[in-house]
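So the chains spell out like this:
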Amino acid sequence: MRLDVVTIFPEYLEPLNVSLVGKARARGQLDVRVHDLRAWTHDRHNTVDDTPYGGGPGMVMKPEPWGEALDEIIESGVGEPGDGGDGAVKLPALVVPTPSGRPFTQALAVELAERPWLVFAPARYEGIDRRVIDEYAERLDVYEISIGDYVLAGGEAAVLVITEAVARLLPGVLGNAESHRDDSFAPGAMADLLEGPVYTKPPQWRDRGIPEVLLSGHHGKIARWRRDEAFRRTSHNRPDLIERCDPAVLDKYDRELLAELGWEELPGGRFGRPGPAVEE
Ligand code: SAM
């Protein structure tokens, strides 16, 4: 997979040389190219921002450097492996981190991991002149993505978050390909639940033991215990996930546990918790 990042702080992306992403780069599984947006400015001060039309506080990133940068990066895909060998332009998807984007989720990480080429456009100041996003949306798939309901000073940290979540899903990047199967939010048999607690050796630490079932060697009982713990944790920390849970993936024991945790089966099989009585 190829990743390009255009930023005014290339050094902010140094962590892409470390750990899982760094190793994937070293093995050639990830081709990461970080670009300094100021390389596409032409004035003495390498200006990338200007005052907002309509007034107001803050500055807005100018469209010209972004346009030149993105054109050059897109053009560099011609003739690269994966362009079909016919000279047709291989096009990236453009990822624009912004607090006003769609929420970043595991499902979106899975979708991005299937793309051969992502170009990230992390902004600073009040964001990028809207015409840049509108212009490239005519040629590319554009993902405007928020990593959470808070405002950072710039999009570089969001690029690191998205890259790490995507990279660990690529074939061969994680040592154990099964590792992400049971992760929190993993779609499938675990019903999009949070992962329950995990333990390792020693069996006794500061008078604290580990749940006996984990020593039983009984795979069925261990799987049941893990699933129960996942339901307990999800019910406590993320009741919204229980409400959204597909009833088709719930077995008899899941339903009993949910009832024990105070959930009620609603018409249609979904679960809800009785709220406080509303006074008329
Ligand atoms: N005025 C903008 C707003 O309220 O939507 C916030 C701009 S923020 C100070 C500067 C940049 O940081 C954004 O353009 C975006 O690239 C990045 N950023 C900030 N918070 C983010 C978040 N929650 N998710 C993704 N990117 C974020």
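Going by the structure above, here's the rest.
What you are looking at is a predicted structure, and each value in this text was computed from that prediction instead of being measured. (Residues numbered from 1 in each chain as written. Predicted model: local features only at pLDDT ≥ 70, side-chain atom pairs only at ≥ 80, totals over all residues. Heavy atoms only, no water.)

Novice: Just to check I follow, could you spell out the nonpolar core for this structure?
Specialist: The tendency in soluble globular proteins is for nonpolar side chains to be buried side by side. Formed by 29 residues in total, the largest nonpolar core has its most connected members in L30, F104, L112, L118, F120, I145 and I162. Mapped by element, the contributors of at least two residues to this core are β1 (2–7), α1 (19–26), β5 (93–103), α3 (106–113), β6 (117–120), β7 (142–146) and α5 (156–167). By size, the runner-up hydrophobic cluster in this structure holds 22 residues, among which are W66, I74, V132 and L140. (Core = buried A, V, L, I, M, F, W, Y, C linked by side-chain atoms within 4.5 Å. Buried < 20%, exposed > 50% of the residue type's maximum accessible area, 1.4 Å probe, protein only. Helix = DSSP H or I, 4+ residues; strand = E, 2+ residues; numbered from the N terminus.)

Novice: For this particular structure, what's the right way to read the packing of helix α6 (residues 219–237) against helix α8 (residues 252–260)?
Specialist: Helix-helix packing: each pair is described by the crossing angle between the helix axes and the interaxial distance. Two numbers describe how α6 lies on α8: the axes approach to 10 Å, and their chain directions differ by 35 degrees. Considering only the axes of α6 and α8, their crossing is right-handed. Where α6 approaches α8, its residues R224, R227, D228, F231 and R232 are matched on the opposing element by Y253, D254, L257, L258 and E260. The residue makeup of the contact of α6 with α8, split by class, is four nonpolar, no polar and six charged. (Axes fitted to C-alpha atoms, helices over the stretch in contact; angles between N-to-C directions. Left-handed = near helix turned anticlockwise from the far one by under 90°. Contact = heavy atoms within 4.5 Å. Nonpolar A, V, L, I, M, F, W, Y, C, P; charged D, E, K, R; others polar.)

Novice: Even after reading the chapter, I still don't get α8, so can you show me in this structure?
Specialist: Since the α-helix advances by 3.6 residues per turn, residues separated by three or four positions end up pointing in the same direction. Taken as a whole, α8 has its buried residues at D254, L257 and L258. The buried residues of α8 occupy an angular sector of 100 degrees when the element is viewed end-on, so they sit on one face. Turned more than 90 degrees away from the buried face of α8, the exposed residues are K252 and E260. Buried residues in α8 make contact with α6, α7 (239–244) and β9 (271–272). N-capping of α8 is provided by D251, with a side-chain oxygen placed 3.0 Å from the backbone N of Y253. (Arc of directions from axis to C-beta. Polar contact = N/O pair within 3.5 Å; in protein donor to acceptor, adjacent residues only side chain to side chain.)

Novice: Would you mind going over the sheet that holds β5 with me for this structure?
Specialist: Within a beta sheet, neighbouring strands are joined by backbone hydrogen bonds and run either parallel or antiparallel to one another. Across the sheet, which stays open at both edges, the five strands sit in the order β2-β1-β6-β5-β7 with parallel pairing between neighbours. Two strands lie at the open edges of the sheet, namely β2 (31–36) and β7, each paired on one side alone. In this sheet, adjacent strand axes meet at a mean angle of 30 degrees when their direction is disregarded. Where α3 meets the sheet, it contacts β5, β6 and β7, and its direction lies at approximately 150 degrees from that of β7. Across the sheet, helix α4 (residues 130–137) lies against β5 and β7, angled at about 135 degrees from β7, the strand it touches most. (Pairing = 2+ DSSP bridges.)

Novice: In this structure, what is going on with the side chain of D254? I would like to understand it.
Specialist: Following the sequence through the fold, D254 ends up in helix α8. Only 2.6 Å separates the side chain of D254 from the side chain of R224, close enough to count as a polar contact. Those residues in contact with D254 that sit more than four places away from it in its chain are R224, R227, F231 and V249.

Novice: Looking at this structure, how should I read the pattern of salt bridges?
Specialist: A pair can form between side chains of opposite charge whenever their charged atoms are brought close. Tallying each qualifying case throughout the model produces 20 salt bridges. Two residues, D254 and R227, come together in a salt bridge whose shortest N-O distance is 2.7 Å. Of this pair, D254 sits in helix α8 while R227 sits in helix α6, and the two are 27 residues apart along the sequence. The salt bridge partner of D240 is R244, with a shortest N-O separation of 2.9 Å. Of the two residues, D240 and R244 both sit in helix α7, four residues apart, roughly one turn of that helix. A relative accessible area of 28% places D240 in the partly exposed class. When its relative accessible area of 55% is taken as the criterion, R244 is described as exposed. (Salt bridge = Lys/Arg side-chain N within 4 Å of Asp/Glu carboxyl O.)

Novice: Help me understand the site of the ligand, please; the structure alone is not making it clear to me.
Specialist: Not every one of the 18 residues close to the ligand is listed here, only the nearest: P97, E126, G148, Y150 and L152. E126 has a polar side-chain atom sitting 2.6 Å from a nitrogen atom of the ligand. Within the backbone of G154, a nitrogen or oxygen atom sits 3.4 Å from an oxygen atom of the ligand. Within the complex, 82% of the 580 Å² of free accessible area of the ligand lies under protein. In terms of residues, the shell around the ligand owes the most to one element, β5, which gives three residues. Its residues assigned to classes, the shell around the ligand shows eleven nonpolar, six polar and one charged. (Near = heavy atom within 4 Å. Areas by Shrake-Rupley, 256 points an atom, 1.4 Å probe, with all protein chains shown as cover.)

Novice: What should I look at first to understand the pairing of β6 in this one?
Specialist: Two faces belong to every sheet, and in a regular strand the side chains alternate between them. Both faces of β6 are covered, namely the face carrying W117 and V119 and the face carrying L118 and F120. Bridge analysis of β1 against β6 gives four bridges, and the strand direction is parallel. Paired with D4 across the two strands is V119, which belongs to β6. Sheet topology note: the β5/β6 ladder contains three bridges and is parallel. Bridge pairing in β6 places V95 opposite F120.

Novice: How should the environment of S184 be read in this particular structure?
Specialist: Tracing the backbone through its elements, the reader meets S184 in the loop between α5 and α6. Separated by 121 residues in sequence, S184 and P63 place their C-alpha atoms 39 Å apart. The residues touching S184, leaving out its near neighbours within four places in the chain, are L193, L194 and E195. In terms of polar contacts, S184 uses its side chain to reach the backbone amide nitrogen of E195, at 2.7 Å.

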